Amino acid sequence: MNRNLGEFEIIKTYFSALALSEKGAFNLTDDAAVIAIPAGKCIVVTTDTIVQGTHFLSEDSPNNIAAKLLRVSLSDLAAMGSIPAYYNLSIAVNSNTKSDWFEAFALGLLADQKKYNITLIGGDTVATSGPITLTITALGLVDKGKTIRRSGAKFDDDIWVSGSIGDAALGLKVATGKLNQISEANKNYLRSRYFKPNPRTLLGPKLVGHVNSAIDISDGLIADLNHICETSNLGAKVQITDIPLSNAAKDVLSIKPDYIDLILGGGDDFELLFTADKSFQKIKKKLTRALDLNLTKIGSIISGDSIQIFDQYGEIYPLPKFGYAHF
């Protein structure tokens, strides 16, 4: 039966089962959890909020919303080289939100908990008259002194990315009915990349000790590269033709070549962008085989404070508008 539920009934019915594997979560019956930190480890903490109408569509399925919410935070943990461990969940939903929404949302979280080996340990549930607002605080574990930072890039580092770039931004276009010229198969692929990103939780920890800086691509390729450059006090040059594209993205560009700016500036890919010295080439093939994941060099870190993009003719390409801005 689809009905309204009270706060504690929601927690008991849908969320307490998500915390069973961690004794310190007390089955979500206390106001806080008690978690022991393994010897020699540090906790990496990240918080992300997504808002209906801004980060997800009102018609999106609760299952997809849950997946995107959790995976956004998992991507942050991966970028710092940590292994996912726990998360807190805070939800603000309309008081008319029905039980079937909570059931589908919780099932989405449960599926990803199993997939990424992470456990709910607490949170909060409130009603709001505004849009649905969902927040996760995720905790990961990393060896002391081994955290990967944005600020560690070095002059002459190579710039690398995982997977393919631009799919999520194109997927949003598909989801809003603005890319009807491509095949249904490519539409489905791009939609899936927008709704359910693939946080590189296996790659991130394997980069520890081999890379100098890293960030996940959430705001957009150029915007996030700029974050690395600003915090490292260096510049970068990027070759457009080296940016890895999916077959679906290539199909889009064959129809709308101007969408290259969306690929450069759009966000929500949640791939990893990292810099490393030349020695990384020695382990790149090993990582690619072990993880079945492409790693592609797209440029290099240079002196100065600017990002230069070069097109297929070796000419400087105008910087696209930097990625998503909250304000």
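Look above for the structure.
Anyway, here's the lowdown on the structure attached to this text. The shown structure was predicted, so the numbers you read here are calculated from the model rather than taken from an experiment.

So, how was this worked out
- Residues numbered from 1 in each chain as written.
- Predicted model: local features only at pLDDT ≥ 70, side-chain atom pairs only at ≥ 80, totals over all residues.
- Heavy atoms only, no water.
- Helix = DSSP H or I, 4+ residues; strand = E, 2+ residues; numbered from the N terminus.
- Contact = heavy atoms within 4.5 Å.
- Buried < 20%, exposed > 50% of the residue type's maximum accessible area, 1.4 Å probe, protein only.
- Pairing = 2+ DSSP bridges.
- Axes fitted to C-alpha atoms, helices over the stretch in contact; angles between N-to-C directions.
- Phe/Tyr/Trp six-rings, centres within 6.5 Å; stacked < 30°, edge-to-face > 60°.
- Lys NZ or Arg CZ within 6 Å of the ring centre and 35° of its normal.
- Left-handed = near helix turned anticlockwise from the far one by under 90°.
- Nonpolar A, V, L, I, M, F, W, Y, C, P; charged D, E, K, R; others polar.
- Core = buried A, V, L, I, M, F, W, Y, C linked by side-chain atoms within 4.5 Å.
- Salt bridge = Lys/Arg side-chain N within 4 Å of Asp/Glu carboxyl O.

**A closer look at the environment of Ala 127**
Mapped onto the elements, Ala 127 comes out in strand β3 (residues 119-127). Separated by 32 residues in the primary sequence, Ala 127 and Ser 95 have C-alpha atoms spaced 5.2 Å apart. When residues no more than four places from it in sequence are discounted, the contact partners of Ala 127 are Val 93 and Ser 95.

**A look at unusual backbone geometry**
Phi is positive for Asn 27, close to 55°, though the residue is something other than glycine. Tracing the chain through its elements places Asn 27 in the loop between α1 (7-15) and β1 (41-51). With a relative accessible area of 35%, Asn 27 lands in the partly exposed category. The phi dihedral of Asp 268 falls on the positive side, at around 75°, and the residue is not glycine. Mapped onto the elements, Asp 268 comes out in the loop between α9 (260-265) and β8 (272-276). Its relative accessible area of 22% is what places Asp 268 among the partly exposed residues.

**Observations concerning the sheet that holds strand β6 (residues 213-216)**
A sheet is described by the order of its strands in space; here seven strands give the open sequence β6-β8-β5-β9-β7-β10-β11, paired in mixed fashion. On the outer flanks of this sheet lie β6 and β11 (316-317), each paired with one strand and no other. In terms of strand pairing, strand β5 (residues 158-162) meets β8 through four bridges, oriented antiparallel. In the strand pairing of β8, Trp 160 is matched with Phe 274. Packed on one face of the sheet, helix α7 (residues 221-232) meets β5, β6, β7 (235-239), β8, β9 (295-302) and β10 (307-310) and runs near 145° to β6. In the packing of helix α10 (residues 281-291) onto the sheet, the strands contacted are β5 and β9, and the crossing angle to β9 comes to about 150°.

**Here's the deal with the pairing of β7**
Pairing of β7 with β9, which is carried by four bridges, proceeds in the antiparallel orientation. If you follow Lys 237 over to β9, its bridge partner there is Ser 300. Looking at chain direction, β7 and β10 are connected through four bridges and run parallel. Counted as the bridge partner of Val 238 is Ile 309 from β10.

**Topic: the packing of aromatic side chains**
All told, the structure shown has eight aromatic pairs when counted by the stated rule. Between Trp 160 and Phe 280, the ring centres sit 5.1 Å apart and the planes meet at 65°, which makes this aromatic pair edge-to-face. Of this pair, Trp 160 sits in strand β5 while Phe 280 sits in the loop between β8 and α10, placing them 120 residues apart in sequence. An identical accessibility class is assigned to Trp 160 and Phe 280; each is buried. Judged by centre distance (5.3 Å) and plane angle (70°), the rings of Phe 274 and Phe 280 are edge-to-face. On the basis of relative accessibility, which here comes to 0%, the residue Phe 274 falls in the buried class. Residue Phe 280 is classed as buried on the basis of its relative accessible area of 1%. An aromatic cluster is built from Tyr 14, Phe 15, Trp 101, Phe 102 and Phe 105, whose rings are joined through pairwise contacts. Just above the ring of Tyr 194 sits the side chain of Lys 68; from NZ or CZ to the centre is 3.7 Å.

**Some remarks on the packing of helix α5 (residues 184-195) against helix α8 (residues 247-255)**
Running from N to C, α5 and α8 point in directions that differ by 115°, and their axes come no closer than 9 Å. As for the relative orientation of α5 and α8, their crossing is left-handed in sense. Taking contact as the criterion, the partners of Asn 186, Tyr 189 and Leu 190 in α5 are, on α8, Ala 248, Asp 251 and Val 252. Grouping the constituent residues of the contact of α5 with α8 by class yields four nonpolar, one polar and one charged.

**Side note on the nonpolar core**
Of all hydrophobic cores here, the largest spans 39 residues; its most connected members are Phe 15, Tyr 87, Leu 89, Phe 102, Phe 105, Leu 109 and Leu 134. Put simply, the parts of the chain that give this core at least two residues each are α1, β1, α2 (62-79), β2 (83-93), α3 (99-116), β3 and β4 (133-143). Discounting chain neighbours no more than four positions away, the residues touching Phe 15 are Ile 10, Leu 28, Leu 89, Ile 91, Phe 102, Phe 105, Ala 106, Leu 109 and Leu 120. Leu 170, Val 174, Val 238 and Tyr 259 belong to the second largest nonpolar core, which has 34 residues in total.

**What about the pattern of salt bridges?**
Evaluation of the coordinates by the stated rule reveals eight salt bridges. Linking Arg 200 and Glu 271 is a salt bridge whose minimum nitrogen-to-oxygen distance equals 2.8 Å. In this pair, Arg 200 sits in the loop between α5 and α6 (203-207) while Glu 271 sits in the loop between α9 and β8, placing the two residues 71 residues apart along the sequence. Across the pair, exposure class does not vary: Arg 200 and Glu 271 are buried alike. Linked by salt bridges that have partners in common, Asp 167, Arg 193, Arg 200 and Glu 271 make up one network.

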